[in-house]
Amino acid sequence: MNATAPRAASLGAVPFVSVAFVPYDWRQGLPVLRGPSATLREPRLADADSLAVLLGDPDVGRYIAAPPISTAGVRRFIRWSRDERAAGSVICFGIVPHGLDAAVGILQIHEREAPFRIAEWGFVLGRPYCGTGLFEASATLLLPFIFETLGVWRLEARAMAANARANAVLRRLGATDEGHLSRSFLLGGQFHDDVLWALLPTDWRQHRR
Ligand SMILES: CC(C)(COP(=O)(O)OP(=O)(O)OC[C@H]1O[C@@H](n2cnc3c(N)ncnc32)[C@H](O)[C@@H]1OP(=O)(O)O)[C@@H](O)C(=O)NCCC(=O)NCCS
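Here the structure is a predicted model, which means the values were calculated and not measured.

Analysis parameters
- Residues numbered from 1 in each chain as written.
- Predicted model: local features only at pLDDT ≥ 70, side-chain atom pairs only at ≥ 80, totals over all residues.
- Near = placed C-beta within 6 Å.
- Helix = DSSP H or I, 4+ residues; strand = E, 2+ residues; numbered from the N terminus.
- Core = buried A, V, L, I, M, F, W, Y, C linked by C-beta atoms within 7 Å.
- Buried ≥ 20, exposed ≤ 12 C-beta atoms within 10 Å, placed from the backbone.
- Contact = placed C-beta atoms within 7 Å.
- Expected span 1.5 Å × (residues − 1).
- Arc of directions from axis to C-beta.
- pLDDT = per-residue confidence, 0-100.

Caption draft 1: The arrangement of the site of the ligand in detail. If you check the shell around the ligand, you find 20 residues, and the closest are Tyr63, Cys130, Phe135, Ala164 and Ala168. When contributions to the shell around the ligand are tallied by element, the ones reaching two or more residues are β7 (118-125), α4 (134-150), β8 (154-160) and α5 (164-172). The biggest single contributor to the shell around the ligand is α5, with six residues.

Spelled out as structure tokens, the structure:
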């Protein structure tokens, strides 16, 4: 008998196997989420060059807060996101399309109400990958992790009102537009309006069907 096999015992005529369930703790390290066209995994320092080029694009940066546009800035961000994950407050996945080694986008989830019952997510893709279906493929991998592994009850997103693509993808995923937030986002020395979106597990399951 294999020494590591679960120990079987017998209860009358019915055999049973005793298995010790160890709760999965994502603070120790994120899972690798593999789909048909892309993999989500924690960003690595080796992603910094690729991400700095893609996220430094002004078309991408005009919608996100303080993009880390240098390789050194992305490296700092990657180290910070690992520390925050270990502390249990932020989770960050890199988006790696099949056939590539480096991440071409980022998905981030912040805890707003502990323990991750209310969370907010943000996302960004390098411009060459926008409009390719990669965002939808990545969201399809991430949302089960958010609702089933983390146990989020309410997932918020804030998108600049002028950001047509981000607002369209949130609507497409089944999120509800909960209102217009005037002058709620300071970027480039100017205030911008945001749209507040909420996605509940029930909305998402309905959308998935
Ligand atoms: C937001 C982002 C991840 C979406 O990924 P994407 O690959 O561009 O999205 P998709 O191509 O799957 O979908 C874009 C949607 O916007 C719609 N769209 C594109 N241009 C539009 C416009 N000018 N007006 C209205 N809708 C528009 C498309 O029709 C599509 O919606 P549909 O599928 O319902 O028709 C990506 O655009 C990005 O990284 N943008 C820069 C960073 C950013 O804005 N992050 C969000 C911060 S909250």
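There's plenty left to go through after this.
Caption draft 2: Up close: the nonpolar core. Formed by 43 residues in total, the largest nonpolar core has its most connected members in Ile95 and Leu107. The contacts of leucine 107, once residues within four sequence positions are left out, are Leu40, Phe93, Ile95, Trp121, Phe123, Ser138 and Leu142.

Caption draft 3: Summary view of helix α3 (residues 71-87). Taking 1.5 Å of rise per residue, the 17 residues of α3 would be expected to cover 24 Å, and the 24 Å separating its terminal C-alpha atoms lies within 8% of that figure. By the burial criterion, the buried members of α3 are Val74, Phe77, Ile78 and Ser81. Down the axis of α3, the smallest arc covering the buried residues is 100°, so these residues share one side. Exposed residues on α3 whose side chains face more than 90 degrees from its buried face are Ala72, Arg79, Asp83, Ala86 and Ala87.

Caption draft 4: Representation of the confidence of the model for the protein chain in the model. Counting all residues, the mean pLDDT for the protein chain is 89, and 88% of those residues have values of 70 or more. Here residues 1-17 is modelled with pLDDT under 50, and outside its nearest four sequence neighbours on either side it reaches ten contacts, counting other chains as well.

Caption draft 5: Layout of the environment of leucine 173. Considering the arrangement of structural elements, one finds leucine 173 in the loop between α5 and β9 (176-187). Owing to 20 C-beta atoms within 10 Å, leucine 173 belongs among the buried residues under this scheme. Sequence spacing of leucine 173 and leucine 143 is 30 residues, and the spatial spacing of their C-alpha atoms is 9.8 Å.

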